[in-house]
Amino acid sequence: VSTQSTGSDRRDSMDTVPAKIVRGCFQEKAHSDGIWAVAWSEVDDTIISGSVDNLVRTWACELHPDGTGALSHKSDLIGHELGVVSLSCNQTGSMVVSCGLDCQIKIWDVAGSLIRSIDAGAVECWTAAVSPDAHFVASGSQSGNVNIWSIDNGEKEATLKTNSGAFVMCVAYNAFNAGRTLACGASDGSISVFDTFAGKLMHTIEVHNMPIRSLCFAPNSNQLIAACDDGLVALYDAQDGSTIAAMQGHTSWVLGVAHSPTTPQLASCSSDKSVKIWDIRERTCHTTFRESHSDQVWGVAYRPSGTHLVSCSDDRSMVVYDVSV
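A brief look at the structure comes next. (Residues numbered from 1 in each chain as written. Predicted model: local features only at pLDDT ≥ 70, side-chain atom pairs only at ≥ 80, totals over all residues. Heavy atoms only, no water.)

1. Comments concerning the pairing of strand 4 (residues 46-51)
For strand 4, the buried fraction is high: six of the six residues fall into the buried class. The alternating pattern of strand 4 places Thr46, Ile48 and Gly50 on one face and Ile47, Ser49 and Ser51 on the opposite face, and all of these are buried. Summarising the sheet, strand 3 (residues 35-41) and strand 4 pair through six bridges and their orientation is antiparallel. Note on strand 4: the bridge partner recorded for alanine 39 is isoleucine 48. Pairing analysis gives five bridges linking strand 4 to strand 5 (residues 56-63), with the strands arranged antiparallel. Of the residues in strand 5, the one forming a bridge with glycine 50 is valine 56. Count of turn residues in the strand 4/strand 5 antiparallel hairpin: four residues, of which asparagine 54 carries a positive phi of about 80°. (Buried < 20%, exposed > 50% of the residue type's maximum accessible area, 1.4 Å probe, protein only. Helix = DSSP H or I, 4+ residues; strand = E, 2+ residues; numbered from the N terminus. Pairing = 2+ DSSP bridges.)

2. Re the sheet that holds strand 24 (residues 265-270)
Here four strands make up an open sheet; going across it, the order is 23-24-25-26 and the pairing antiparallel. The open sheet has two free edges, formed respectively by strand 23 (254-259) and strand 26 (284-289), since each of these has just one partner strand. Mean inter-strand twist for the sheet, computed between neighbouring axes without regard to direction, equals 20°. (Axes fitted to C-alpha atoms, helices over the stretch in contact; angles between N-to-C directions.)

3. Description of unusual backbone geometry
With a phi angle near 55°, aspartate 44 is a residue other than glycine that sits in the positive phi range. Looking at where aspartate 44 falls in the secondary structure, it is placed in the loop between strand 3 and strand 4. Even without glycine at this site, lysine 273 takes up a positive phi of about 75°. When you line up the elements, lysine 273 lands in the loop between strand 24 and strand 25 (275-279).

4. Details of the packing of aromatic side chains
Within the structure shown, the criterion is met by three aromatic pairs. Here the aromatic rings of phenylalanine 289 and tyrosine 321 are separated by 4.7 Å at their centres, their planes lie at 45°, and the arrangement is tilted. Pair noted here: phenylalanine 289 is in strand 26 and tyrosine 321 is in strand 29 (residues 318-322), with a separation of 32 residues, a long-range link. By relative accessible area, which is 0% here, tyrosine 321 ends up buried. (Phe/Tyr/Trp six-rings, centres within 6.5 Å; stacked < 30°, edge-to-face > 60°.)

5. Quick notes on the side chain of serine 274
With respect to the helices and strands, serine 274 occurs in the loop between strand 24 and strand 25. Overall, serine 274 belongs to the buried group, its relative accessible area being 4%. Looking at serine 274, its side chain comes within polar contact range of the side chain of histidine 250, at 3.2 Å. Reaching out from serine 274, the side chain makes a polar contact with the side chain of aspartate 272 at a distance of 2.7 Å. Aside from chain neighbours lying at most four places away, what touches serine 274 is His250, Ser268, Cys269, Thr288, Phe289, Arg290 and Val297. (Polar contact = N/O pair within 3.5 Å; in protein donor to acceptor, adjacent residues only side chain to side chain. Contact = heavy atoms within 4.5 Å.)

Set out below in structure tokens:
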């Protein structure tokens, strides 16, 4: 059953909404250029950012009982020759995978050491995701394929082909079934769902006609969430490809989406410069942050405990929110 929901806030004043910006947890010039990717590791509460300035940076996030906090720079992970467009952590947060415009996939220890560098080849990697067992990295390509790489030896293990052949802009593993299901979103609006164990395409979801920018799976579920340039945050059943809901609210491209690891909550971000917090059960947006950033917001990532969220933007800043509603 398909339902369409509104993103109009029940409460829109930041003084009264349940989610709020953490005072002091704002990094105005975190990079020298736009920040296109962000992740949050449970190892020492480390936030990782990736920027068009070619750098991956790690940050210590201190969160205090009085609701204040602080972000402090820890280290630079230097190696990419062109902008960093994607970041992914393994489930324990000990490993970070970055993907850059230089067609390099780099695997780092969260402490800052480079474990492995994979030269994916021209147009063969745009975004990357780590498998739940941390043995593989899936990367989307401009040729319409998803390449599976071995973290252990850096070799390409498989190529999964979409029907559309369109530029693959995002990939996501489903940890619920140990990564057997993998989904990718493409520039033509299609979403392809694969069985990675069998190495075959299960089905193609063809609902959108504009690029899919970001995908994620809900924890302990086959529910797939998509962020699309048509302004929708859409929910699908990855098992059969059926539409569960389509949530409206953003006034421009939805660039990033993340599901809380502990609650039925979803965060989205957009080129309309806003960050939205959604209640999945009610299919409604309960908080919109319209003034956190002065430019389009590329990414959002939850703290592994689910209590906080971080966003990153083309304005070079990062903002941390308390979302423990």
